[in-house]
Structures are given as C-alpha cells and as structure tokens.
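Given next are the chains, with one letter for each unit.
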Amino acid sequence: MTIATHPFDALMEITARPPAAFVKGEGSYLWDDAGKRYLDFIQGWAVNCLGHSPPAVAEALAAQAKLLLTPSPAYYNAVSLKLAKALVDHSCFDQVFFANSGAEANEGAIKLARKYGALHKNGAYEIITFEGGFHGRTLATMSASGKKAFEPLFEPKVSGFRKARLNDLASVKRLISDQTVAVMLEPIQGESGVWPATDQFLRQLRALTDTYGLLLIFDEIQTGMGRTGKLFHYEHAAIAPDIMTLGKGIGGGVPLAALLATEKASCFEHGDQGGTFNGNPLMCAAGLVVLERVSQGEFLKSAVDAGLFLESELQKLSARHGLGDVRGRGLLLALDLKLPIGASLVAQAFEAGVLLNSPQPDALRFMPALNVTREEISEMIHCLDVILTKAGAARRVA
Ligand SMILES: *Cc1c(COP(=O)(O)O)cnc(C)c1O
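Let me begin by describing the structure that accompanies this report. Predicted model only: the values in this text are computed from it and were never measured. (Residues numbered from 1 in each chain as written. Predicted model: local features only at pLDDT ≥ 70, side-chain atom pairs only at ≥ 80, totals over all residues. Heavy atoms only, no water.)

### Here we look at the overall build of the protein
- A count of helices and strands for the protein gives 11 helices and 17 strands.
- Against the 2.2 N^0.38 benchmark of 21 Å for 398 residues, the protein shows a C-alpha radius of gyration of 21 Å, consistent with a compact globule.
- Along the longest, intermediate and shortest principal axes, the C-alpha atoms of the protein span 65 × 55 × 55 Å.
- A total of 398 residues make up the protein; the buried ones form 52% of that total.
- When contacts within the protein are restricted to residue pairs at least 6 apart in sequence, long-range pairs at least 24 apart make up 70% of them.
- Counting only carbon and sulfur atoms, one obtains 56% of the accessible surface of the protein, whose full area is about 18,300 Å².
- The protein carries 38 positive and 41 negative side-chain charges, and their two centres are separated by 3 Å. (Helix = DSSP H or I, 4+ residues; strand = E, 2+ residues; numbered from the N terminus. Rg over C-alpha atoms; globule rule 2.2 N^0.38 Å. Buried < 20%, exposed > 50% of the residue type's maximum accessible area, 1.4 Å probe, protein only. Contact = heavy atoms within 4.5 Å. Areas by Shrake-Rupley, 256 points an atom, 1.4 Å probe, with all protein chains shown as cover. Lys, Arg positive; Asp, Glu negative; His and termini not counted. Charge placed at Lys NZ, Arg CZ, Asp CG, Glu CD.)

Next comes the structure, spelled out in structure tokens:
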C-alpha cells in the first residue's frame, strides 16, 4: 500500500512548498519543470555563493568524480589536505574538521568545547548561546538554538545551553558559572531575521571570554565565505574566535561544512569525532574552487559593492512605500516591512518569477549570489515595487 498519489506526496511533508519542481539553474536564475524562469534571491538559502551551477564548480566536481570519490575517512586524501591548508592560511585557525552539514559542524563545535572543558576546566560543559539564535536541527543544535518554536519540540532536549540576549553583555555575564566552558553565537542572527551583533559587542565578548578562560565560538555558517563582505565576519570586529563553523556557502551548492579551531581549542583525541563522508574529496574539490574564488580581493570588493547597491535600492524602495529599516551587512540583508505582509509578498513575487524569503512575518531577507549583478538587483527591486504599489492602491481603495 502506498499513500503517494502525486509525485510531491512521496516526500515527507516537512514544510509548505509552492507547487513547482526546479530542474535547472544558471547564475541568478532557476527554471521549473514547466519552463518558467525565476530570479533567485534565496540561492539555496545563502548557499550558492557563486550562483547556480557555476561552471568552475561543475568542472571540478566532474574531474574529481573521475579521479576519486572517497578513499575512507581512515585515510588522508590530497584534496581535503589542500582545502584544510587553504582554510587555515586564510583564517586565524590552525586545524579543520570537515562535515557534511552546518548542524553537524556545530554539533562538532559543541563536542569540542565539552572536550576542552573535560580536559582543562574541571568538566565544565555549559555553553552560553543566544535568544533568537539558530544552530541547526540535530537535537544538540536545536537545544543550542534560541528559537521559540523549537522549545516544545522533541523533549527532553540536550541540557547545558543557557540563553543570553544579543548585544547585552550583562545578560551573558550573569550566566557565567563554574560550569561554563564557552559562548557560542552567530555574528548576524540569520534565521531569526538578520539581527546583527554589533562589532563592539563581539569585541566585548572576546574580552569577557578571555577574562573567564572561556572559548568563543562563531557560527559563521551563514555569515562566512564572503557573505557579509569579508571572507569571515569576525574580521569586521578585528577579533579572533577560538572555534568557527562554516557551511552553506563553503560548498558553493554541494553539502560541505567545516569546524575550525585554534591550536589551543583543537583538542579532540582519537575516537572523539569522525564520520563516513567527512572530508570526502568530491565535496572538498568544490570547496577549493569556492575558496579560491571568494578569497580574491577583487571578488570580495565587487560583492561589497553589490551589497551597498542592494542596500541603497532597498532603502529607496522603503522610502517610496513607507516601510521600515534595512539591516544586515554585505549580501545578507533584511527589509523591515512594519506590517505582517512578508508571506503575501513572497507568494506574489513567486508568481512574478522572483524568489524571496520572509524569515519573519514583517521582514524580507535577501541572500543572492555574491556575484549578483546590478541589473539583477534592479530587476528584483522593480518586481517588489510593482507588488507594493498594487498593495498600496488596494489599501487606499479599502
Ligand atoms: C543554516 C544554518 C545552520 C544549519 O546548517 P545545515 O546545513 O542546515 O545543517 C546552522 N547555523 C546557521 C547560522 C545557519 O544559518
């Protein structure tokens, strides 16, 4: 017996999806199986930093697939060694553990912090995280997240996470005890609606964690790999965290993530961590191409320019239609709508062939490819302009 009658029904329904199936992507555009084209400002959820199916990534994957898919994580492979070295060279960290998803990388960061506590801090294991934070969908990362909707789910949660408030140092300080081993945060809270930690708060956190001998963990799964205009967001605050996680953009569209640690924090012993596909050459080959491209000064500079253009166009749009502020950095921006019209705008934009995200009822989030063009930004703004003008006219009539 099968309950599946429509092709959509054979997949577990984990979220509401529009009734279209995508078959092709190129740069900033996607096509569905009816041949309709969409301008994509979601890009796999801030994943496709070079756009859809970038030729350089496709070629690296094809070449690596013919050479070696995976030898087993019990052996070194040349590609993961090269990518680890490149990540270390471009960051303040000394060692890397590769993972297959952001949640898995964060799960590793949590384990690494607990290991550090076991070795150096009398078994301290508590990690201070933040209200509104998002770290993934495994049990431990859901527990670390400060997402209200997660609270009643899958009880009992993993214990040992205490929630402070973003940009409120006293709220962090109050939670520090003998049991605390680390503070973990997203430098910009992405899933909860693009809420940035200030650079000053990040510097204060570094000073506080240093004072108490705590590890500072940056979840840069959304903010890393050039998304906010620097290769890694921590560079904006000119501080060095002890641990960082990367995901999303690092694979340019394929499942790759990484856990990075300084020499001091990198304390796993044999048997503590592993995984069948971790560091496989196929995904690392994509990661190498992405890092080579995104770490170039020219590339980052044009991403910064695109971000500034998008920001100013959004501000003008907001002024025309009486909406709220633009927040975020680089190409991770949100527009405050002041009204709970996000879902309606997203649905109308979808009809018009533009893919947008509303992380909260009263906000839109923009996470285009890092090589998005001004023309593409203008096309998206024009689409929103038309929709908002219609909505404004409807409101005036009503
Ligand atoms: C997306 C995201 C995650 C989870 O990554 P997955 O690859 O979906 O497991 C964790 N932290 C942040 C900040 C994210 O944006």
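### Some details on the packing of aromatic side chains
- Counted according to the given criterion, the structure contains six aromatic pairs.
- Each ring, one from F93 and one from Y234, has its centre 5.9 Å from the other, and the planes form 90°; the classification is edge-to-face. Of this pair, F93 sits in the loop between α3 (78-89) and β4 (95-99) while Y234 sits in the loop between β10 (215-219) and β11 (243-246), and the two are 141 residues apart along the sequence. The pair formed by F93 and Y234 is uniform in burial state, with each residue classed as buried.
- The interplanar angle of 50° and the centroid separation of 6.0 Å between the aromatic rings of F134 and F150 together place this pair among those described as tilted. Taken together, the residues F134 in the loop between β5 (126-130) and α5 (139-144) and F150 in the loop between α5 and β6 (161-164) connect sequence positions 16 residues apart. Like F150, F134 is buried.
- A network of ring pairs unites the aromatic residues F22, Y38 and F350 as a single cluster.
- R37 extends its terminal NZ or CZ atom over the ring of Y29, reaching a point 3.9 Å from the ring centre.
- Lying over the aromatic face of W195, R327 brings its terminal NZ or CZ to 3.5 Å of the ring centre. (Phe/Tyr/Trp six-rings, centres within 6.5 Å; stacked < 30°, edge-to-face > 60°. Lys NZ or Arg CZ within 6 Å of the ring centre and 35° of its normal.)

### Let's talk about the pairing of strand β14 (residues 332-336)
- Of all five residues making up β14, four are buried, and the element is well covered by its neighbours.
- In the sheet, strand β13 (residues 326-329) pairs with β14 via four bridges, with the strands oriented antiparallel. Bridge pairing in β14 links V326 to L335.
- Following β13, the chain reverses through two residues before pairing antiparallel with β14; G330 in that reversal takes a positive phi of roughly 60°.
- Here β14 pairs with strand β17 (residues 363-366) via four bridges, running antiparallel. By the bridge assignment, L333 is partnered in β17 with F366. (Pairing = 2+ DSSP bridges.)

### Re the layout of surface pockets
- Empty space within the second largest pocket amounts to approximately 960 Å³.
- Every residue lining the second largest pocket is counted, 34 residues in all, and those nearest its centre are P73, Y76, V96, F97 and F98.
- Across the lining of the second largest pocket, the residue classes tally to 17 nonpolar, 15 polar and two charged. (1 Å grid on protein atoms, 1.4 Å probe; cavity = no way out; pocket = protein on both sides within 12 Å on 5 of 7 lines; lining within 4 Å. Points joined across faces, edges and corners; volume = space filled by probe spheres on them. Nonpolar A, V, L, I, M, F, W, Y, C, P; charged D, E, K, R; others polar.)

### Description of empty space enclosed by the protein
- Evaluated as defined, the whole model comprises one cavity of 30 Å³ or more.
- Its volume calculated, the largest cavity comes out at about 30 Å³.
- The wall of the largest cavity is formed by A46, C49, Q222, G224, M225, R227, G249 and L370.
- Class assignment for the residues of the lining of the largest cavity results in four nonpolar, three polar and one charged.

### A word on the site of the ligand
- Looking at the ligand, the residues that line it are S101, G102, A103, N106, F134, H135, G136, E186, D219, I221, Q222 and K248.
- Here D219 contributes a side-chain N or O atom positioned 2.7 Å from a nitrogen atom of the ligand.
- At 2.6 Å from an oxygen atom of the ligand is found a side-chain nitrogen or oxygen belonging to K248.
- Calculation on the ligand without its partners gives an accessible area of 390 Å², and the protein chains cover 81% of this total.
- Top contributing element to the shell around the ligand by residue count: helix α4 (residues 102-120), with three residues.
- Looking at the shell around the ligand, its residues break down into three nonpolar, six polar and three charged. (Near = heavy atom within 4 Å. Polar contact = N/O pair within 3.5 Å; in protein donor to acceptor, adjacent residues only side chain to side chain.)

### A word on the pattern of salt bridges
- Summed over all chains, the structure comprises 16 salt bridges.
- Here K115 and D272 are joined by a salt bridge, their closest N and O atoms 3.0 Å apart. On the criterion of sequence distance, the pair formed by K115 in helix α4 and D272 in the loop between β12 (257-261) and α8 (281-294) is long-range, its members being 157 residues apart.
- D272 sits in the partly exposed class, given a relative accessible area of 23%.
- With a closest N to O distance of 2.9 Å, E155 and K157 form a salt bridge. (Salt bridge = Lys/Arg side-chain N within 4 Å of Asp/Glu carboxyl O.)

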